Amino acid sequence: MRSLLTDLLMQRLAKQTSGTLNKRLYDTLRQAILARAITPGCRLPSSRDLAQQLSLSRNTVLATYEQLLAEGYIETRPGSGTFVTEQLPDGNMERVPDAQEGASHAAAPALSRRGMNLLGYAGASARQWGAFMPGIPDIASFPHDLWRRTQTRLMRRMKPEQLSYSPMGGSPELQLALTEYLRVARSVECTPEQVLITEGTHQGMDLLAKMLCNPGDTAWIEDPCYWGMRNVLTINGLRVTPIAVDDQGMAPPETPPPGRAPRLVCVTPSHQYPLGAVMSLARRQRLLALAQEHNSWIVEDDYDSEFRFSGNPVPALQGLNRNAPVIYIGTFSKTLYPGLRVSYMVLPPQLAQELKIAHAELYRGGHWLTQSTLSEFIREGHYAAHIRRMRLLYARRRALLTQLIESHLGSEYVGDRSNAGLHMLLKLPAQVDDVLLSTQILRHGVMVKPLSSYYLRPTAERGLLLGYASVEESEIVRAFDVVVACLRTLPGLAR
Ligand SMILES: Cc1ncc(COP(=O)(O)O)c(C=O)c1O
């Protein structure tokens, strides 16, 4: 994924016309750092990614990074990557006039340090639709007519106050409908007062980071994980500690390092994102004990657990123990569609009132009509029926994709046997550059996401995430042919 920072470097590099490539890249980076176009603390792309994105040799980038490292402009942080140093060697200087000032102003707006850092890690794509965009449900199969009819009926009955800002926590009918649904479908125990409706999981996470944490606090997140989680936490000043994941889910240390107990522990226990593991009971209990001992909050992101195609449903962590320090997050983005922007949190009773007030203060919720329609949709049984239909459809699509991978590449390339969710992991040998490969596949109009880009620490894991849920069977076959054709151009992968 090319970041804005790489775009900025690319534009600046094009303007450096004299000297060897090494010198031009070195001058470009140094000037951008001194001019604060790349701010102190900003994370630089890995040498591999930068080389690929700027179409340079990896050695050129490595040599430049080494020189900047030796001169103190950048530093490496084990497990995290390469960063612009907080204290620049010419640090007593005021901001150096930018050699490319004027021309580059539009390219390098004066962003905050945390803003630049966010852009350095940006994961959202400009394109949000088409094969094989991960995590998108089949929106065409959504019962749009039924939804419209329900909404029109409710609109006629809408009172003026329902078109004002929403009352605290969102529509009361939806809070009630969710309480019942979550108890039956997810073993989540709560009252309507504990439910807070948010406009997407990111908003919920932002609220938790602001209301439960101080800048500098630690949050544990899975490595690999959903990039959005990391970004929302770090922009709120949290120190994010990546915790490794294995086939039992997140594998936390027995005890946190001294002074670094996590304030938040963010997990996807029912279906680890993006690898697919289910967190074992032993791990769940250990995590609960750890959170209780260290006064941490576990944030359970239960984003797609409705879609498990074989075996028993996996109950939520929230319902495991009474009074567990768990904040449960669910979303309609996967069960219905992401553009709806409705998700929710189940808060422990002691947090509910304060967080609802804070939510109203920060985001001033609305969309009561959408939320009421949704509650009616759930109450009348359409939600459960839609999930049942989509479960069958996605199971078929997943089976087709699995079979294509096995027959064209071999079963060792099937990287996720969870038989759940909306994406499949195509596992690749460690020597494959999955970032470069995804760029090549995108050139043929097919979008896949490189597995290595979901890791926070350097990793040898390589693979491609293929979202199949929104892709019709014939298109799965066509798009997969594109993936295979690109793979076959790689040395040693022809079969
Ligand atoms: C693991 C995970 N959690 C949360 C989300 C975001 O959900 P929402 O659309 O509610 O913001 C995503 C979106 O892809 C995701 O993959």
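Source: prediction; values computed, not measured.

With that settled, the discussion passes to the overall build of the chain. The secondary structure content of the chain amounts to 15 helices and 14 strands. A globule of 495 residues ought to have a C-alpha radius of gyration of about 23 Å, and the chain, at 24 Å, matches this closely. In terms of its C-alpha atoms, the chain occupies a principal-axis envelope of roughly 70 × 55 × 50 Å. Here the chain holds 495 residues, and 55% of them are scored as buried. Excluding contacts between residues fewer than 6 apart, the proportion of contacts in the chain whose partners are at least 24 apart in sequence is 74%. Put simply, the chain shows about 21500 Å² of open surface, and 53% of that area lies on carbon and sulfur atoms. In the chain, 53 side chains carry a positive charge and 46 a negative one; their mean positions are 3 Å apart.

Glancing now at the site of the ligand. Around the ligand, the neighbouring residues are G200, T201, H202, Y226, Y273, D301, Y303, T331, S333, K334, R341 and S343. Between the ligand and T331, the relevant distance is 2.7 Å, taken from an oxygen atom to a side-chain nitrogen or oxygen of the residue. Relative to its unbound accessible surface of 400 Å², the ligand loses 91% to contact with the protein.

Another point: the environment of L207. Here L207 is to be found in helix α8 (residues 201-212). A relative accessible area of 0% places L207 in the buried class. It is 9.3 Å that separates the C-alpha atoms of L207 and Y363, two residues lying 156 residues apart in sequence. Sequence-distant contacts of L207, defined by excluding residues within four places in its chain, comprise L196, M345, L355, A358, H359, L362 and Y363.

What follows is about the pairing of strand β3 (residues 81-84). Across two bridges, the pairing between strand β1 (residues 43-44) and β3 is antiparallel. Across the sheet, L44 pairs through a bridge with T82, a residue of β3. In this sheet, β3 lies alongside strand β2 (residues 74-77) in antiparallel orientation, the contact comprising four bridges. Across the sheet, R77 pairs through a bridge with G81, a residue of β3.

Further remarks concern the sheet that holds strand β7 (residues 249-250). Judged by pairing direction, the sheet is mixed, and its eight strands sit side by side in the order β4-β11-β10-β9-β8-β5-β6-β7 without closing on themselves. Of all strands in the sheet, those bounded by a partner on one side alone are β4 (195-198) and β7. Of the strand pairs in this sheet, strand β9 (residues 297-301) and strand β10 (residues 326-331) are connected by four bridges, and their pairing is parallel. Its bridge partner lying in β10, I298 is registered against V326. The strands touched by α8 within the sheet are β4, β8 (262-267), β9, β10 and β11 (343-346), with β10 carrying the most contacts at an inclination of about 160 degrees.

With that settled, the discussion passes to the side chain of Q203. Relative to the helices and strands, Q203 resides in helix α8. Of note is the side chain of Q203, whose polar atom sits 2.9 Å from the backbone nitrogen of E199. Not counting chain neighbours up to four residues away, the residues in contact with Q203 comprise T198, H359 and Y363.

A few words on helix α10 (residues 281-294). The end-to-end C-alpha distance of α10 is 20 Å, a good match for the 20 Å that 14 residues give at a rise of 1.5 Å each. Those residues of α10 not exposed but buried are R283, R284, L287, L288, L290 and A291. The buried side chains of α10 occupy one side of the element, clustering within an arc of 165 degrees when seen end-on. Relative to its buried face, α10 has exposed residues pointing more than 90 degrees away, namely A282 and E293. The inward-facing, buried residues of α10 abut β5 (218-223), β6 (239-246), β7, β8, β9 and β10. Trailing α10 by a residue or two, N295 shows a phi angle of about 60 degrees, which is positive.

To continue, consider empty space enclosed by the protein. This model, assessed by the stated rule, comprises two cavities of 30 Å³ or more. Reported here for the largest cavity is a volume of approximately 70 Å³. If you go around the second largest cavity, the residues you meet are S166, G170, I197, T198, E199, H359, G365, G366 and Q371. The residue makeup of the lining of the second largest cavity, split by class, is one nonpolar, seven polar and one charged.

Note that the residue after D223, namely P224, is joined by a cis bond; omega there is 10 degrees. Positionally, P224 belongs in the loop between β5 and α9 (227-235). With an omega of 10 degrees, the peptide bond between Y273 and P274 qualifies as cis. In this structure, P274 sits in the loop between β8 and α10. The phi dihedral of S187 is positive, around 55 degrees, even though this residue is not glycine.

Counting across every chain of the model gives twelve aromatic pairs. Look at Y181 and Y383: their rings are 5.1 Å apart centre to centre, the planes differ by 70 degrees, and that puts the pair in the edge-to-face class. With Y181 in helix α7 (residues 172-186) and Y383 in helix α13 (residues 382-408), the pair connects residues that are 202 residues apart, well separated along the chain. Take Y181 and Y383: they sit in the same class, and that class is buried.

Here the focus is the layout of surface pockets. Its volume calculated, the largest pocket comes out at about 940 Å³. Lining the largest pocket are 42 residues; nearest its centre among them are R43, L44, P45, S46 and D49. Listed by contribution, the elements that provide at least two residues to the lining of the largest pocket are β1, α3 (47-54), α4 (58-70), β2, β3 and α9. For the lining of the largest pocket, the element with the highest residue contribution is α4, accounting for five residues. Taken together, the residues of the lining of the largest pocket sort by class into 17 nonpolar, 16 polar and nine charged. Estimated volume of the second largest pocket: approximately 710 Å³. Along the walls of the second largest pocket sit 27 residues, with R77, T234, L238, R239 and V240 positioned nearest its centre. Breaking the lining of the second largest pocket down by element, the ones donating at least two residues are α5 (113-120), α9 and β6. Residues of the lining of the second largest pocket, tallied by class, amount to eleven nonpolar, eight polar and eight charged. Structurally, the lining of the second largest pocket is a two-domain feature, drawing no fewer than three residues from each of domain 1 (4-120) and domain 2 (143-383).

About the thresholds
Counting starts from 1 at the beginning of each chain's written sequence and moves along it residue by residue. Totals for whole chains, interfaces and linings use all residues, but because this is a predicted model, local features are given only for residues with pLDDT of at least 70 and pairs of side-chain atoms are given and counted only at 80 or more. The basis for the side-chain values is all heavy atoms of the structure; hydrogens and waters are excluded. Secondary structure elements are defined from DSSP: runs of H or I of at least 4 residues count as helices, runs of E of at least 2 residues count as strands, and each element is numbered from the N terminus. Based on C-alpha atoms, the radius of gyration is set beside the globule rule, defined as 2.2 Å times the residue count to the power 0.38. The buried label goes to any residue with under 20% of its type's maximum accessible area, the exposed label to any with over 50%, and the partly exposed label to all in between, with areas taken from a 1.4 Å probe on protein chains only. Two residues form a contact once any of their heavy atoms are found within 4.5 Å. Shrake-Rupley sampling with a 1.4 Å probe provides the accessible areas, and residues are treated as covered by the protein chains on show and by no other component. Positive charge is attributed to Lys and Arg, negative charge to Asp and Glu, and no charge count is given to His or to the chain ends. Where a charge lies is defined by one atom per residue type: Lys uses NZ, Arg uses CZ, Asp uses CG and Glu uses CD. The near set for a molecule or strand comprises every residue that places at least one heavy atom within 4 Å of it. Counted as a polar contact is a pair of N or O atoms within 3.5 Å, where, for protein atoms, one must be capable of donating a hydrogen and the other of accepting one, and residues adjacent in sequence contribute only when both atoms are in side chains. Here, strands pair whenever DSSP counts at least two bridges between them. The axes are straight lines fitted to the C-alpha atoms, using for helices just the contacting stretch, and the angles between their N-to-C directions are given from 0 to 180°. Between the first and last residue of a helix there are one fewer steps than residues, each counted as 1.5 Å, and that sum is the expected span. Directions from the helix axis toward the C-beta atoms define the arc. Cavities and pockets were defined on a 1 Å grid built over protein atoms only: a cavity is a set of grid points that admits a 1.4 Å probe from which the probe cannot escape, a pocket is an open set flanked by protein on both sides within 12 Å along at least five of seven lines, and lining residues are those with an atom within 4 Å of any such point. Grid points are joined across faces, edges and corners, and a volume is the space filled by probe spheres set on the points. All residues other than Ala, Val, Leu, Ile, Met, Phe, Trp, Tyr, Cys, Pro, Asp, Glu, Lys and Arg, Gly among them, are scored as polar; the first ten of these are nonpolar and the last four charged. Note on aromatic contacts: the rings of Phe and Tyr and the six-membered ring of Trp form a pair at centre separations within 6.5 Å, being stacked when their planes are under 30 degrees apart, edge-to-face when over 60 apart, and tilted otherwise. The start and end points of each domain follow an automatic or database-based domain assignment.

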